[in-house]
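The primary structure of each chain is shown beneath.
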Amino acid sequence: MEEDYITKDIEKNMLKNLENGLLLSDAHIEILERYGFDYKKYGSINELIYDIEEFLNEEGDSDCGDLDWVSQDLSERNYYANTNK
């Protein structure tokens, strides 16, 4: 029973290459959809991060911790994937 829970958690957080070239997990998608983001319309991760940050700035102190997590996670992955080292 516990293995099923672990497997579902792993699958939910596994990155998937979407048709538009973005790498998102089911967890990311679920949170983005909850806040009304159509992740399919974005051509780059930078555009998505920008719109999330704009939304968070407009919302101010409201409870958007999960969306903030998505933004931070995408930003960190983007930094490591696209920064010359």
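Residues numbered from 1 in each chain as written. Predicted model: local features only at pLDDT ≥ 70, side-chain atom pairs only at ≥ 80, totals over all residues. Heavy atoms only, no water.

**As for the environment of Trp-69**
So, point 1. Counting through the fold element by element, Trp-69 comes out in helix 4 (residues 65-82).
So, point 2. Through-space distance from the C-alpha of Trp-69 to that of Ile-31 is 9.6 Å; in sequence the pair is 38 residues apart.
So, point 3. The contact partners of Trp-69, leaving out residues within four places of it in the chain, are Ala-27, His-28 and Ile-31. (Helix = DSSP H or I, 4+ residues; strand = E, 2+ residues; numbered from the N terminus. Contact = heavy atoms within 4.5 Å.)

**Structural notes on the packing of aromatic side chains**
So, point 1. Scanning the model with the defined rule gives three aromatic pairs in all.
So, point 2. Centre to centre, the rings of Tyr-79 and Tyr-80 are 5.0 Å apart; their planes meet at 80°, and the pair counts as edge-to-face.
So, point 3. Of the aromatic side chains, those joined through ring pairs into one cluster are Tyr-35, Phe-37 and Phe-55. (Phe/Tyr/Trp six-rings, centres within 6.5 Å; stacked < 30°, edge-to-face > 60°.)

**Quick word on the packing of helix 3 (residues 45-59) against helix 4**
So, point 1. Between helix 3 and helix 4, whose axes approach to 10 Å, the crossing angle comes to 150°. Crossing of helix 3 against helix 4: the hand is left-handed. On the side of helix 3, the interface is formed by Ile-45, Asn-46, Leu-48, Ile-49, Ile-52, Glu-53, Phe-55 and Leu-56, while helix 4 contributes Leu-67, Asp-68, Val-70, Ser-71, Leu-74, Ser-75 and Asn-78.
So, point 2. Residue composition of the contact of helix 3 with helix 4, grouped by class: nine nonpolar, four polar and two charged. (Axes fitted to C-alpha atoms, helices over the stretch in contact; angles between N-to-C directions. Left-handed = near helix turned anticlockwise from the far one by under 90°. Nonpolar A, V, L, I, M, F, W, Y, C, P; charged D, E, K, R; others polar.)

**Structural notes on helix 2 (residues 26-34)**
One full turn of an α-helix is made of 3.6 residues, so residues set three or four places apart face in the same direction.
So, point 1. Among the residues of helix 2, Ala-27, His-28, Ile-29, Ile-31 and Leu-32 are the ones counted as buried.
So, point 2. Looking one or two places after helix 2, you find Gly-36, whose phi comes out positive at around 85°. (Buried < 20%, exposed > 50% of the residue type's maximum accessible area, 1.4 Å probe, protein only.)

**Quick notes on the side chain of Ser-71**
So, point 1. With respect to the helices, strands and loops of the structure, Ser-71 is situated in helix 4.
So, point 2. You can call Ser-71 buried: its relative accessible area is 1%.
So, point 3. Contacts of Ser-71, omitting those with residues within four sequence positions, involve Ile-49, Ile-52, Glu-53 and Leu-56.

**What about the confidence of the model for the protein chain?**
So, point 1. Scored by pLDDT, the protein chain comes out at a mean of 88, with 88% of its residues at no less than 70.
So, point 2. By mean pLDDT, the top-scoring element of the protein chain is helix 2 (95), and the lowest-scoring one is helix 1 (residues 2-13) (66). (pLDDT = per-residue confidence, 0-100.)

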